[in-house]
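# Architecture at a glance
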Amino acid sequence: MTKVITFAIQKGGVGKTMTSGVTAFLLAKQGHKVLAVDMDSQGNLTQFLSGSDNLLDFENETVLEAIKEGDAKKYIKVLDDNLHLLPTDDFLATIAHYLFTEHRGHRSLALKECLESVRDYYDYIIIDTPPALSEQTINSLGASTHVVVMFETSKFCYNAVPRFLDTVQAAKEKINPDLEIAGILRTLADAKRSDSKAMVDLIAEEYPDLVFDTVIQRRATTGRLPIYGLWENPESKKAFEYHGKFLKELIERVTKKAK
Ligand SMILES: Nc1ncnc2c1ncn2[C@@H]1O[C@H](COP(=O)(O)OP(=O)(O)OP(=O)(O)O)[C@@H](O)[C@H]1O
Ligand SMILES: [Mg+2]
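Now for a look at the structure at hand. Source: prediction; values computed, not measured.

Definitions and cut-offs
Residues numbered from 1 in each chain as written. Chains lettered and ligands numbered in written order. Predicted model: local features only at pLDDT ≥ 70, side-chain atom pairs only at ≥ 80, totals over all residues. Heavy atoms only, no water. Helix = DSSP H or I, 4+ residues; strand = E, 2+ residues; numbered from the N terminus. Contact = heavy atoms within 4.5 Å. Polar contact = N/O pair within 3.5 Å; in protein donor to acceptor, adjacent residues only side chain to side chain. Pairing = 2+ DSSP bridges. Axes fitted to C-alpha atoms, helices over the stretch in contact; angles between N-to-C directions. Expected span 1.5 Å × (residues − 1). Near = heavy atom within 4 Å. Areas by Shrake-Rupley, 256 points an atom, 1.4 Å probe, with all protein chains shown as cover. 1 Å grid on protein atoms, 1.4 Å probe; cavity = no way out; pocket = protein on both sides within 12 Å on 5 of 7 lines; lining within 4 Å. Sits in = over half its atoms within 2 Å of the grid points. Nonpolar A, V, L, I, M, F, W, Y, C, P; charged D, E, K, R; others polar. Parallel < 35°, antiparallel > 145°, perpendicular 65-115°, else oblique. Buried < 20%, exposed > 50% of the residue type's maximum accessible area, 1.4 Å probe, protein only.

Relative to the elements of secondary structure, Arg186 occurs in strand β7 (residues 180-189). Between the alpha carbons of Arg186 and Phe25 there is a distance of 20 Å; along the sequence they are 161 residues apart. Here Arg186 is in contact with Phe151, Val200, Ile203, Ala204, Val211, Phe212, Asp213, Thr214, Val215 and Ile216, once residues within four sequence places are set aside. In terms of polar contacts, Arg186 uses its side chain to reach the backbone carbonyl oxygen of Phe212, at 2.8 Å.

Spelled out as structure tokens, the structure:
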């Protein structure tokens, strides 16, 4: 069964795109068939995976058009045998207007419906989301089997976690009973700062069953991935080190939790 995994939280700049992008890339490298879906109109995942800085490359051929058509097939870009991308551009920001005024089906299941025709082809579908509890995020939760709750080790993100977990619970009850929390991933941790370390510990105390053991540390080589790229990066071994450990745990969890 295809695992559809959303990386989300309403807080910005916490490593959602970094983690979803590297996860999609490493899964594909391991031989899995992967579709990455960019549900953030910033287009960072599109840029990160395609290596293109110009979102005009994808004009009128994005996830927004796929949702409007109700079928993603025509809009998927083949980046590699194993890694495919459903890209975005700025116009995805108009999706709420479309969903509220023109969409005929269920407003929160529009993404799920457009992925239906391609879903079985993939082992994993990885979805990146914007820093908001917007229609993009709700549709991502509606389409997913699992969600990874992103936790950057800061106070504002700490405040966002319980509210986001409430949103996940509401999505499970109202639109997607299959949705499971894969876990809470602690990211951008700074070993030199005691406040960051305290946040790492605090979230583990509060959610001992949910946190992944792996803590993604802030690391220069990882931060440079968007500059040097994923595909032929001389620093990749160091840059991917923590994400590789996280991926092992993620695969174990989403496989074990499968019914
Ligand atoms: N482990 C890391 N070490 C160093 N830098 C990182 C790491 N993870 C992410 N970054 C950097 O931190 C910044 C924020 O990461 P990213 O863009 O993935 O966050 P985001 O949650 O997707 O942001 P947004 O909410 O705007 O979509 C980026 O510049 C990214 O390169
Ligand atoms: Mg992002």
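Spatially, the 8 strands line up as an open sheet ordered β3-β4-β2-β5-β1-β6-β7-β8, and their pairing is mixed. Strands at the two margins of the open sheet, each flanked by one partner only, are β3 (77-78) and β8 (211-217). In this sheet, strand β5 (residues 124-128) lies alongside strand β1 (residues 3-8) in parallel orientation, the contact comprising 5 bridges. Across the sheet, Val4 pairs through a bridge with Ile125, a residue of β5. The strands touched by helix α5 (residues 110-119) within the sheet are β1, β2 (34-38), β4 (83-86) and β5, with β2 carrying the most contacts at an inclination of about 160 degrees.

What follows concerns helix α8 (residues 194-206). Between its first and last C-alpha, α8 extends 18 Å over 13 residues, near the 18 Å set by a 1.5 Å rise per residue. Each element contacted by the buried residues of α8 is listed here: β6 (146-152), α7 (155-174), β7 and β8.

In the vicinity of ligand 1, 18 residues are found, and the nearest of them are Val14, Lys16, Thr17, Met18 and Arg219. Here an oxygen atom of ligand 1 sits 2.9 Å away from a polar atom, N or O, in the main chain of Gly13. For ligand 1, an oxygen atom lies 3.1 Å from a polar atom in the side chain of Gln42. Protein burial of ligand 1: of its 630 Å² of free accessible surface, 79% is covered by the chains. Judged by the proximity of its atoms to the pocket grid, ligand 1 belongs to the largest pocket. Contributions of two or more residues to the shell around ligand 1 are made by α1 (16-29), β8 and α9 (220-223). In terms of residues, the shell around ligand 1 owes the most to one element, α1, which gives 3 residues. Taken together, the residues that form the shell around ligand 1 break down as 6 nonpolar, 8 polar and 4 charged.

A separate point is the packing of α1 against helix α12 (residues 241-256). Look at α1 against α12: their axes get within 10 Å of each other, and the N-to-C directions meet at 75 degrees. If you check the angle between α1 and α12, you find them roughly perpendicular. Here Met18, Thr19, Val22, Thr23, Leu26 and Leu27 of α1 come into contact with α12, specifically with His243, Gly244, Phe246, Leu247, Leu250 and Ile251. Looking at the contact of α1 with α12, its residues break down into 8 nonpolar, 4 polar and no charged.

What follows covers unusual backbone geometry. Backbone geometry at Asn60 places phi at a positive 65 degrees, although glycine is not the residue there. In this structure Asn60 comes out as exposed when scored by relative accessible area, which is 54%. Positive phi is not limited to glycine here, since Leu188 has a value of about 50 degrees. Along the chain, Leu188 falls in strand β7. Of the residues examined, Leu188 reaches a relative accessible area of 23% and is grouped as partly exposed.

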